[in-house]
Structure formats: structure tokens, C-alpha cells
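Below, each chain spelled out in residue letters.
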Amino acid sequence: MTHAGVFITFEGPEGSGKTTQLRALADFLAGQGYPVRVTREPGGTPLGQDIRALLLERHDLGIVPRAEVLLFLADRAQHVAQVLRPALQNGQVVLCDRYADSTLAYQGYGHGEIPLDELRAAIEFAVQGLWPDRTFLLDLPVEQGFRRLTNPGAKDRLENQALAFHRRVRQGYLALARAEPHRWTVLDATQPWDAVQRALREHTLALLQQRGLRPRPR
Ligand SMILES: Nc1ncnc2c1ncn2[C@@H]1O[C@H](COP(=O)(O)OP(=O)(O)O)[C@@H](O)[C@H]1O
Ligand SMILES: [Mg+2]
């Protein structure tokens, strides 16, 4: 799939720095004159906001694994059609906080109930070939990520699950990155925040240059 823009996703365990790093990278790129679009999953569209609330706040629904996957994928299909494809066709640098690899890592490797090939087929149905140009994996031991979370009392439904689950998620991410090294860049997220940000900027500027994307005159 070709598009004028560049599609970059951020993946990694809870507290690895995805959201704060992505925002700082977006500000940096915008300051350099690049057209940047920041978004996230779940919740990147109005429909997605409602789905996000269901997934993260409704602990009373007993959502079964396949229903959970389909809710994430409904969010994603809407996000691809309403936000991601239009922005990419428009030549924007799209920075997305979690995407398809989260489904493979959490619902696949983490829960371990749905075979990965079934998950991949379902994801394909939702994204219709839209995979990231680059995926940054902010990797760190799960305990360290949890220690960073500012408000551990307000953990959402996924964060409340056992550490063992999150360790499988981390190993899943690392396996995905090993299987597709041309798409993934694995960064050591135990480094100081500034060092991670510096690495993100370097990798991203190199990618934008490689893709022929130039800052727009302002
Ligand atoms: N490399 C780092 N060193 C120390 N603290 C960090 C680092 N990266 C992120 N943090 C802190 O950890 C917390 C979680 O970061 P956040 O970006 O929200 O992670 P995520 O979105 O991956 O869950 C924030 O308070 C953030 O400032
Ligand atoms: Mg976050």
C-alpha cells in the first residue's frame, strides 16, 4: 500500500513512555515544519471513544475474548477509514499510540486464547492492508513500567491483570519485532526519557528523509 504520508505506530507495555514520547516527537516534528497528525487506539474517532469506554471502563460486562477483539477491531476499522487513510493520503506524518500489534501482543500472546493466525486474519479484515511504515517498540521490564504509572490506584481493566500476562505481552512484542525487523525499531525504554526521545527523533527524521517527505514552508 502506498501513501504520500508516513504511518508510525508506538507500541510497548504500560508505562513504557508511548504517550509522552509520541507527543514530544509530534511537537518536535511540527516545529520542524512537518505536517503531523497525532492519534490513538482505541478511541481515535467518535465511535472509537464509545468503544474505548466500553473496553476500559465497563468491568461489569464480562466481555469474552472474541468480543473484545471485535470491539478493538471495530474501533480500528473506523479509525483506518475516518482518520488514518485520509491523513496519510494527505501526506501527513501520522503518529498513532497503539495499533494492530497491540491486538497481537495483548489478545494473542497475552491472553493466549485466540490463535495468532486467526487474529491476523481478523486484523486484515479491519485494516485492509494498512500496516505501519515504522513501529517503535518501547521495551522495558513490566514491573518498571508499572512503577512509572503516576496513579496506580486508577488502573484500567487491562492494567489490573496479572504481571504474568504483561510479561507474555512484552515477549510477544519482542517476537513480533524479531519477525519483521524492517518495520520495527526496538528502543530500550529503561534509558532516561531524553535519551529515548533523542533516538526517536533520529530514527524518525531518517525515515522521513528516506520516504522523501520534506517540511512544508510556513
Ligand atoms: N524513560 C523514562 N524514564 C523515566 N520515566 C519515564 C520514562 N518514560 C516515561 N516515563 C514516565 O512514565 C509515565 C508513563 O509514561 P507514558 O508515556 O504515559 O507511558 P505509556 O503511554 O507507554 O503507558 C509518565 O509519568 C512518564 O513521564
Ligand atoms: Mg499511554
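See above for the structure.
None of these values were measured; they are calculated from a predicted model.

Residues in close proximity to ligand 1 total 14 residues, the closest being Gly15, Lys18, Thr19, Thr20 and Gln191. One nitrogen or oxygen atom from the main chain of Gly15 is found 2.8 Å from an oxygen atom belonging to ligand 1. Note that an oxygen atom of ligand 1 is positioned 3.0 Å from one of the backbone N or O atoms of Gly17. For ligand 1, whose accessible area on its own is 570 Å², the fraction buried by protein is 73%.

What follows is about the packing of aromatic side chains. All chains considered together, the criterion is met by 5 aromatic pairs. Relative to Phe165, the ring of Tyr106 lies with its centre 6.0 Å away and its plane at 55 degrees, an arrangement referred to as tilted. You can see Tyr106 sitting in helix 4 (residues 100–110) and its partner Phe165 sitting in helix 7 (residues 163–179), a full 59 residues away along the chain. Grouping residues by exposure puts Tyr106 and Phe165 together as buried. Feature note: the residues Tyr106, Phe165, Tyr173 and Trp184 constitute an aromatic cluster, connected by ring pairs. In this structure, Arg76 is placed above the aromatic ring of Tyr99, and the distance from its NZ or CZ to the ring centre is 5.4 Å.

The residue after Glu41, namely Pro42, is reached through a cis peptide bond having omega -10 degrees. Inspection of the secondary structure puts Pro42 in the loop between strand 2 (36–40) and helix 2 (46–57). Non-glycine residue Gln128 carries a positive phi angle of around 50 degrees. Mapped onto the elements, Gln128 comes out in the loop between helix 5 (116–127) and strand 4 (134–139). On the basis of relative accessible area, Gln128 is assigned to the exposed category, the value being 62%.

A word on the packing of helix 1 (residues 18–31) against helix 8 (residues 193–210). It is at 10 Å that the axes of helix 1 and helix 8 come closest, and there the two elements cross at 50 degrees. Considering the angle they form, helix 1 stands oblique to helix 8. Here the hand of the crossing between helix 1 and helix 8 comes out right-handed. Residue-level contacts link Thr20, Gln21, Ala24, Leu25, Phe28 and Leu29 of helix 1 to Trp193, Val196, Gln197, Leu200, Arg201, Thr204, Leu205 and Leu208 of helix 8.

Within the open sheet, the 5 strands sit side by side as 2-3-1-4-5. Their pairing is parallel. Each of the sheet's edge strands pairs with one partner strand only, and the pair in question is strand 2 and strand 5 (184–188). Ignoring strand direction, the axes of neighbouring strands in this sheet form an average angle of 20 degrees. Across 5 bridges, strand 2 lies against strand 3 (residues 93–97) in parallel orientation. Its bridge partner being in strand 3, Val38 is matched across the sheet by Leu95. Along the sheet face, helix 8 touches strand 1 (6–11), strand 3, strand 4 and strand 5 and points at about 170 degrees away from the line of strand 4.

About the criteria used
- Residues numbered from 1 in each chain as written.
- Chains lettered and ligands numbered in written order.
- Predicted model: local features only at pLDDT ≥ 70, side-chain atom pairs only at ≥ 80, totals over all residues.
- Heavy atoms only, no water.
- Near = heavy atom within 4 Å.
- Polar contact = N/O pair within 3.5 Å; in protein donor to acceptor, adjacent residues only side chain to side chain.
- Areas by Shrake-Rupley, 256 points an atom, 1.4 Å probe, with all protein chains shown as cover.
- Phe/Tyr/Trp six-rings, centres within 6.5 Å; stacked < 30°, edge-to-face > 60°.
- Helix = DSSP H or I, 4+ residues; strand = E, 2+ residues; numbered from the N terminus.
- Buried < 20%, exposed > 50% of the residue type's maximum accessible area, 1.4 Å probe, protein only.
- Lys NZ or Arg CZ within 6 Å of the ring centre and 35° of its normal.
- Axes fitted to C-alpha atoms, helices over the stretch in contact; angles between N-to-C directions.
- Parallel < 35°, antiparallel > 145°, perpendicular 65-115°, else oblique.
- Left-handed = near helix turned anticlockwise from the far one by under 90°.
- Contact = heavy atoms within 4.5 Å.
- Pairing = 2+ DSSP bridges.

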